[in-house]
Each structure stands twice: as structure tokens, then as C-alpha cells.
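# Structure at a glance
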Amino acid sequence: MELYQLRYFQAVAEFGTLAKAAEELAVSQSAVSRAISLLEKEIGVELFTRRGRANELNRFGKAFLDASRAAQRGIDTAVASVRQLAGADGGTVALGFLHSLGVATVPSLIRWHHDRFPSVSFELHQRSGQALLTDLSTGVTDVCLNYPMAFDETLDIKWEPLFTQQLYAVVDRAHPLATRGSVGFDELADQPFVALNQEHTLRRIFDDACVRHGVTPTIAFEGTDIATLRGLIGARLGIAILPRASTPSRDVVEIAVDDDHLVRPIAIGWMANRFLPPSASSFRDSALAWRRTRNAPQDSAQPARRKRVSNAQRKRR
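Residues numbered from 1 in each chain as written. Predicted model: local features only at pLDDT ≥ 70, side-chain atom pairs only at ≥ 80, totals over all residues. Heavy atoms only, no water.

A few words now on the overall build of the chain. Within the chain, the secondary structure is distributed over ten helices and twelve strands. Among the 317 residues that make up the chain, the fraction classed as buried is 47%. Across the chain, every contact between residues at least 6 apart in sequence was considered, and the portion connecting residues at least 24 apart equals 75%. As displayed, the chain has an accessible area near 16500 Å², and 50% of this comes from carbon and sulfur atoms. (Helix = DSSP H or I, 4+ residues; strand = E, 2+ residues; numbered from the N terminus. Buried < 20%, exposed > 50% of the residue type's maximum accessible area, 1.4 Å probe, protein only. Contact = heavy atoms within 4.5 Å. Areas by Shrake-Rupley, 256 points an atom, 1.4 Å probe, with all protein chains shown as cover.)

Below, the structure is given as C-alpha cells:
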């Protein structure tokens with residue numbers, strides 16, 4: 001049974017003839033006749049009593065008319081609800097983002113978008129890099145903020161860059177390196193590290209840096225939360241490579257690392273092969289406008305390029 005058959009049936013029931021129903025529906029009379037015939041064949045009974053050109057509902061038709069109108073109202077309500085959910089002005093955006101972006105970046109983006117579309121609501125999914133890609137590919141989220149080259153490059157995801165996060169060596173305040181303005185990555189080789197697990201984008205970048213510098217790290221602790229890692233560092237249980245904290249800590253120090261590749265690009269991504277609802281499309285456009293007109297917030301700030309420190313200078317220190 002097709003929806004158009006219900007509409008054609010209701011039109012004939014309302015106007016009484018095939019000709020008048022066809023005129024109101026802007027289709028041919030034969031199309032209406034065929035739709036009614038198929039409907040009656042599927043149900044198994046005739047719905048009309050034919051009196052010349054007139055089509056009068058019989059008792060089966062009257063019963064089916066009430067049920068079909070209820071079904072049509074349900075469908076119309078569902079369509080209206082979905083349109084409202086997806087609408088740019090008052091819809092809902094299902095947004096996925098990395099844990100570390102939740103303090104400043106995501107609130108800043110939502111505030112920026114709300115200034116233009118105050119009725120929009122958000123469904124927030126704070127996840128690791130791989131989980132964000134899974135949510136995006138399966139339709140749990142519409143858009144995500146992620147490290148664009150993370151884990152799976154085979155998915156048909158369209159990425160637009162937003163900003164770049166500089167990564168730092170994070171040590172406790174009593175650490176011998178704590179007073180340094182910058183360090184070389186090779187100087188960290190013998191230190192115990194606290195690191196995120198393999199599901200996180202920062203771990204991928206850290207592992208790549210170790211390979212790049214020929215360092216085999218000693219992982220003292222693995223975790224799933226940056227705040228926990230910072231607590232472990234403050235307790236003098238290891239050091240880490242992390243983005244700058246949104247708020248200063250009395251227990252740890254962030255030191256620039258002499259490696260221009262030790263950064264994490266952040267981009268907004270969406271599935272290129274799937275319809276993007278107007279609400280999500282509008283938010284994406286707001287994020288790109290935010291990128292062009294605003295400085296990145298503290299949890300995503302890229303500092304000015306640091307001065308390179310040679311190996312000779314390090315030795316003199």
C-alpha cells in the first residue's frame with residue numbers, strides 16, 4: 001500500500017467522483033481509478049458503491065476512511081516533527097567532539113551559532129577520535145570536531161580545518177626541566193610518560209613523534225582522560241605531551257618542544273555521501289565563519305612560533 005493510494009482514496013471519498021478527485025489532485029482520471037482498484041484488491045473488499053459516475057462510500061469504505069485519515073495525520077505529524085528537528089532555525093545539531101575541546105572550543109562555537117540561531121538545540125557526544133568517526137559514519141552525529149587524519153582515512157568524510165593545537169611537554173613543577181623555556185623531544189627520551197590509550201588522537205601523534213625522533217618511550221600509566229593525566233603528572237608519576245590547558249595549574253608546567261610537527265590539527269567533518277540536515281549544515285557554516293573571524297579559544301590556541309634551540313645551546317644550559 002502506497003501513501004498516494006490513501007490520498008487518492010480520500011479525494012474520491014470527499015468529492016464523490018473520479019473526475020473531480022483527479023482534477024483536485026492534478027492527475028489523470030485513469031491514475032485515480034487504477035490507484036483505487038489496486039487499493040481495493042490489496043484490502044480484499046470494494047470500498048465504493050458505483051452509481052453512474054458517482055462513487056459512494058460503502059460501510060467498508062467508511063471504516064477505512066477513518067483509519068486512513070488517522071494514519072495520514074500521523075504521517076503528517078512525523079514529517080513536521082522531522083522538518084522541525086532538521087530545520088536551520090529551530091532544529092537539533094548532533095555534534096561529536098574530542099574530550100579536550102569541551103572546555104572552551106565547543107562552548108565558544110555553540111555561543112557563536114546561537115547568536116545567529118537562538119532556537120537551535122544541540123545533542124552533544126564527547127568521545128575519543130575513533131569513536132567520533134564511528135558515530136559520524138553510522139549517523140549518530142551529523143558533524144564532528146576531530147583530528148582529521150585520525151585512524152581511518154577510508155571513510156568518505158569531508159574535512160574543513162578550523163585551527164591547530166600546539167602540543168607541549170607537561171611536567172610537575174619540581175621536575176628538573178620545569179624551569180626551561182623549551183626542550184628537545186630527544187631530551188624527554190628517558191622520562192616515564194603518562195599517555196592516553198590507543199583510541200585517542202593525541203596518542204597517535206605522540207607515537208608518531210617517538211618514531212620520528214627514534215625514541216622508545218616508557219609508558220608508566222595509560223589513561224582515557226587528560227585531566228587524570230595532569231593529576232598523575234602533578235603527583236610526579238610521569239610527564240606527557242598534551243595541548244595547553246584551558247586553565248593554569250599550580251602543579252604542572254607546560255614547556256614548548258622544539259618540534260614543528262608536534263601539533264594537532266582540528267577540523268570539522270561530515271559524511272560527504274550523506275544528506276546533511278539544514279541544522280547541521282548551518283552549524284558547519286557557522287564554524288567556518290568562526291574560524292575566519294575569531295581567535296581560537298584557549299584550549300585550541302596556537303602560540304607564536306617559538307625560537308629554535310640548538311643542541312649546543314641545550315648543552316650549555
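Attention now moves to the pattern of salt bridges. Counted under the stated rule, the structure contains 14 salt bridges. Between Glu222 and Arg203 there is a salt bridge, and its shortest N-O distance comes to 2.7 Å. Separated by 19 residues along the polypeptide, Glu222 in strand E9 (residues 218-223) and Arg203 in helix H7 (residues 201-213) bring together distant segments of the chain. Take Glu222: its relative accessible area is 48%, and that puts it in the partly exposed class. With relative accessibility at 7%, the residue Arg203 sits in the buried group. (Salt bridge = Lys/Arg side-chain N within 4 Å of Asp/Glu carboxyl O.)

With 13 residues, helix H1 (residues 3-15) ought to run about 18 Å at 1.5 Å a step, and its terminal C-alpha atoms sit 19 Å apart, in line with that. Among the residues making up H1, those that are buried are Gln5, Leu6, Tyr8, Phe9, Gln10, Ala11 and Val12. Once H1 finishes, Gly16 follows within two positions and takes phi at roughly 85°, a positive value. (Expected span 1.5 Å × (residues − 1).)

This part takes up H7. The terminal C-alpha atoms of H7 lie 19 Å apart, and with 13 residues this matches the ideal 18 Å at 1.5 Å per residue to within 8%. Residues of H7 that are buried: Thr201, Leu202, Arg203, Ile205, Phe206, Ala209 and Cys210. Gly214 sits one or two positions beyond H7 and adopts a positive phi of about 70°.

Attention now moves to the packing of H1 against helix H2 (residues 18-25). Their axes nearest at 8 Å, the elements H1 and H2 cross at an angle of 125°. On the basis of the axis angle, H1 is oblique to H2. When the axes of H1 and H2 are compared, the crossing they make is right-handed. Contacts from Tyr8, Ala11, Val12 and Phe15 of H1 reach H2 at Leu18, Lys20, Ala21, Glu24 and Leu25. For the contact of H1 with H2, the residue count by class is seven nonpolar, no polar and two charged. (Axes fitted to C-alpha atoms, helices over the stretch in contact; angles between N-to-C directions. Parallel < 35°, antiparallel > 145°, perpendicular 65-115°, else oblique. Left-handed = near helix turned anticlockwise from the far one by under 90°. Nonpolar A, V, L, I, M, F, W, Y, C, P; charged D, E, K, R; others polar.)

Moving on: unusual backbone geometry. Positive phi is not limited to glycine here, since Ala26 has a value of about 60°. Along the chain, Ala26 falls in the loop between H2 and helix H3 (29-43). Overall, the relative accessible area of 69% leaves Ala26 in the exposed class. Despite not being glycine, Arg236 has its phi angle at roughly 65°, a positive value. Along the chain, Arg236 falls in the loop between helix H8 (226-234) and strand E10 (240-243).

Going through the model one piece at a time under the given rule, you end up with seven aromatic pairs. With 6.1 Å between their ring centres and 70° between their planes, Phe163 and Trp290 make a pair best called edge-to-face. With Phe163 in strand E6 (residues 157-172) and Trp290 in helix H9 (residues 278-293), this pair connects stretches of sequence that are 127 residues apart. Accessibility assignment for this pair places Phe163 and Trp290 in one class, buried. Ring centres 6.5 Å apart and planes at 50° place the aromatic pair Phe185 and Phe206 in the tilted group. Remark: Phe206 occurs in helix H7 and Phe185 occurs in the loop between strand E7 (182-183) and strand E8 (192-196); sequence separation between them is 21 residues. (Phe/Tyr/Trp six-rings, centres within 6.5 Å; stacked < 30°, edge-to-face > 60°.)

Geometric values such as these leave the question of function open.
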